[in-house]
Amino acid sequence: MKKSDKSLCKQQSTPSYGREIPRLFKKMSMNDADERVRLMAEKVYASALKKEDNKDALSLFTVPEDCPIGLHEDRERALQKELAEEQSEKSVKRRKNFLQKRSVSLQLPDDWIRSAASPVPTPGTSDLFPLELFPEFQRVTISGDYCAGITVGEYEKAAKDLLHALRIREKYSKLAYHRFPRTAARFLRDADNVKWSEEDEVLPNIWPSPQEGEDPFSMEGIPENLNFELKMKDGIVHVYTDAEALKQDRPLNLPYPDLETFAIDLSHVLAMIADGPTKTYCHRRLKFLASKFYLHEMLNEMAELKELKSVPHRDFYNVRKVDTHIHAAACMNQKHLLKFIQTTYHTEADRVVLEKGGQKITLKQVFDNLHMDPYDLTVDSLDVHAGRQTFHRFDKFNSKYNPVGASELREIYLKTDNYIKGEYFARLIKEVAAELEESTYQFTEPRLSIYGRSASEWESLATWFIQHKVHSPNMRWMIQVPRIYDIFRSKKLIPNFAKMLENIFLPLFEATVNPQKHKSLQLFLKYVTGFDSVDDESKHSDHMFSYKSPKPEEWTTDDNPPYTYYLFHMYANIMVLNNLRKRRNTSLVPATYRMDRRGMTSGGQMWLRSVWRTAMRLCAMS
């Protein structure tokens, strides 16, 4: 068997990528969308902008809104409304109908109950799970009519909205070969009265870690050139079989996302954000689940502790832990960075490490110009720890990447493309990797930046990775794309937003189509697990993203596009790229958009994520 023919799904003994779903992006028209949904979405956006404009001015005079008298009156009104609703004949009929549906929906197959509804297998059902292996936990059962704090009609509407949101999520996940949770998928199939099967899953291709003795930097078995033509159109890279197909504008049959469809789906989610009953239900449901868990802890704390102590060779230090949100430039601790700076100054003080204004500067001269001696530095004076003072302050957070506040030291020690070709940075990461490998049970996913300033960034990063042999079996790599188009445009580095997208994604398509010409990048992409979009997420844009928004080629102003504008074009290109790489049977690069830990996102984005979490927990714990 050739190396290129090996299974890419390391976790499975029998490679299975799931049943092929139609690789089409079903388009929708604004004529099919509810006008109320669109207006509601605009209302949410306008409300978020208004809050952002007034936030700084009112922050000094903000008072709590939870006035006891007002809260009491609100509860009284809600109770009166609920009682009136319960007494109405129509409501009684709807409740009976709903309870009948609910009782039917709970009659699930045994395998569904064991694998999805219950957090543990049913004890005593097989030889694999004998009864004596299970602790005698006290369990809580809640019976009686369902009470969610809202009327039956509002509950039905909230449930439909959450179900629609989950379907939107599933659609966008599957079309880009991203994982979609199995529990949620089963829940959706059950809601559609369709039997779920394992073949329905769409799984990404995962490049396995090199085996012991295998060279992780080997370039053998690289696929041949497909001779495809590439062209960016409306901010999305299109792939053509040959020059003739390009001339006739006949792209490959890959699922190209539709802007109008995306805008409609976004409007539905934004409208759900503004829906009061849905927010009430989600909030109360999350509180209920949290209280249920706390009650379990109170009842079974000692039993769980006993079980924990009885497990051999497993404690906090020898269970596998993965850090999925760590910047490569911050993967070392303060003491490690300080010791490395002092060591390099002691052994390589006369080495040329920087070039400024045509003048070459040694490491000793750098510290002389800063009027400091590395041996006088302490962890406190290094000032690279992000504490509470950086919360909600993106500017302060960024400054923490400059040791002792000096950008020269960041350039020398924490960059991949500097005068010494990122050697110090690579050595630091390799030292961290050696500690991870020694501990055996720790893994990380460090983030490296691609800015979109130049098309050569990818090749430069891949060359750095291979030249300094930065690979570690305990590390995979994330690519973060800062949303700093406005900075590049103000400095006249790029003509429009489409050029930034082209610099970010076109090299990836070129390496996929002709890996023989881009061997370094093809090799590096084996170890890349995803993309992230990063910046100060508390900032708002004055532009509301919709199907009427300017095309990326037409976005020539100095203003930064909104968050959703970035995400649509990033998702669209990743979606096409993953389908092309799937066609070549190479590893895929999922997109993972995470809320930054430094602060909160805007109200709409934050609530959207809470909606996903609520919907997922409903599936898992209902």
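Think of each chain on its own: its residues are numbered from 1, step by step along the sequence as written. The model is predicted, so local features are restricted to residues of pLDDT at least 70 and side-chain atom pairs to those at 80 or more, both for listing and for counting; the totals for chains, interfaces and linings are taken over all residues. Excluded from the side-chain calculation are hydrogens and water; included are all heavy atoms of the structure.

### Topic: the packing of helix 10 (residues 334–347) against helix 15 (residues 423–439)
The relative placement of two packed helices comes down to the angle between their axes together with the axis-to-axis distance.
So, step 1. Two elements in contact, helix 10 and helix 15, have axes separated by 11 Å at closest approach and are oriented at 130°. Our classification of the angle between helix 10 and helix 15 gives oblique. The two elements helix 10 and helix 15 meet at a crossing, and its hand is right-handed. In this structure, helix 10 contributes His 336, Leu 337, Phe 340 and Thr 344 to the contact, and helix 15 contributes Tyr 424, Arg 427, Leu 428, Glu 431, Val 432 and Glu 435.
So, step 2. Taken together, the residues of the contact of helix 10 with helix 15 sort by class into five nonpolar, two polar and three charged. Whenever a helix is involved, its axis is fitted only over the stretch in contact; in every case the axis is a line through C-alpha atoms, and angles between N-to-C directions fall within 0 to 180 degrees. Note on conventions: DSSP H or I runs of at least 4 residues are helices, E runs of at least 2 residues are strands, and numbering of each starts at the N terminus. Small angles under 35 degrees read as roughly parallel and large ones over 145 as roughly antiparallel, with 65 to 115 read as roughly perpendicular and the rest as oblique. Throughout, a crossing is termed right-handed when the near helix is turned clockwise from the far one, and left-handed when it is turned anticlockwise from it by less than a right angle. Throughout, a contact is declared for two residues whenever any of their heavy atoms are within 4.5 Å. Gly is placed with the polar residues, together with every amino acid not listed as nonpolar (Ala, Val, Leu, Ile, Met, Phe, Trp, Tyr, Cys and Pro) or charged (Asp, Glu, Lys and Arg).

### What about the pattern of salt bridges?
So, step 1. For this document, the term salt bridge refers to a Lys or Arg side-chain nitrogen within 4 Å of an Asp or Glu carboxyl oxygen. By the definition in use, this model includes 18 salt bridges.
So, step 2. The closest approach of N and O atoms between Glu 201 and Arg 182, which form a salt bridge, is 2.8 Å. Taken together, the positions of Glu 201 in the loop between helix 6 (182–191) and strand 1 (229–233) and Arg 182 in helix 6 put the pair 19 residues apart, joining distant regions of the chain.
So, step 3. Each residue gets one of three labels from its accessible area relative to the maximum for its type: buried under 20%, exposed over 50%, partly exposed in between, using a 1.4 Å probe on protein chains only. For Glu 201, a relative accessible area of 13% puts it in the buried group.
So, step 4. Here Arg 182 falls in the partly exposed class, since its relative accessible area comes to 36%.

### Looking at the packing of aromatic side chains
So, step 1. To pair, rings of Phe, Tyr and Trp, with the six-membered ring standing in for Trp, must have centres within 6.5 Å; the planes then decide the type, stacked if under 30 degrees apart, edge-to-face if over 60, and tilted in the middle. Counted by the stated rule, this structure contains 25 aromatic pairs.
So, step 2. Seen from their ring centres, Phe 465 and Trp 477 are 6.1 Å apart, and the 85° between their planes marks the pair as edge-to-face. On the criterion of sequence distance, the pair formed by Phe 465 in helix 16 (residues 457–467) and Trp 477 in strand 7 (residues 477–482) is long-range, its members being twelve residues apart. Just as Phe 465 is buried, Trp 477 falls in that class too.

### Considering empty space enclosed by the protein
To find leftover empty space, one rolls a probe the size of a water molecule over the atoms.
So, step 1. Each cavity reported here is a set of points on a 1 Å grid over the protein atoms alone in which a 1.4 Å probe fits but cannot get out, each pocket an open set with protein on both sides within 12 Å along at least five of seven lines, and each lining residue one with an atom within 4 Å of a point. Grid points are joined across faces, edges and corners, and a volume is the space filled by probe spheres set on the points. One pass over the structure, following the stated rule, counts three cavities of 30 Å³ or more.
So, step 2. In this structure, the second largest cavity occupies an estimated 80 Å³ of space.
So, step 3. Along its surface, the second largest cavity is lined by Glu 170, Lys 174, His 178, Phe 180, Ala 185, Arg 189, Trp 196, Asp 200, Glu 201, Val 202 and Leu 203.
So, step 4. Elements that contribute at least two residues to the lining of the second largest cavity include exactly helix 5 (152–175) and helix 6.
So, step 5. Looking at the lining of the second largest cavity, its residues break down into five nonpolar, one polar and five charged.

### Structural notes on the nonpolar core
Soluble globular proteins tend to pack their nonpolar side chains together in the buried interior.
So, step 1. The nonpolar core is taken to be a set of buried Ala, Val, Leu, Ile, Met, Phe, Trp, Tyr and Cys residues, with the residues joined through side-chain atoms within 4.5 Å. Grouped together as the largest cluster of nonpolar side chains are 100 residues, with contacts concentrated most on Tyr 413, Phe 505 and Phe 524.
So, step 2. Of the residues forming this core, the biggest block, eleven residues, is contributed by helix 20 (residues 563–583).
So, step 3. When sequence neighbours within four positions are dropped, the list of residues in contact with Phe 524 reads Leu 448, Trp 458, Leu 461, Ala 462, Phe 465 and Ile 479.
So, step 4. Ala 158, Leu 162, Ala 165 and Met 272 belong to the second largest nonpolar core, which has eight residues in total.

### Considering helix 5
So, step 1. To estimate how far a helix should reach, multiply one less than its number of residues by 1.5 Å. The first and last C-alpha atoms of helix 5 sit 35 Å apart over 24 residues, in line with the 34 Å expected at 1.5 Å per residue.
So, step 2. Downstream of helix 5 by one or two residues, Tyr 177 has phi in the positive range, about 60°.

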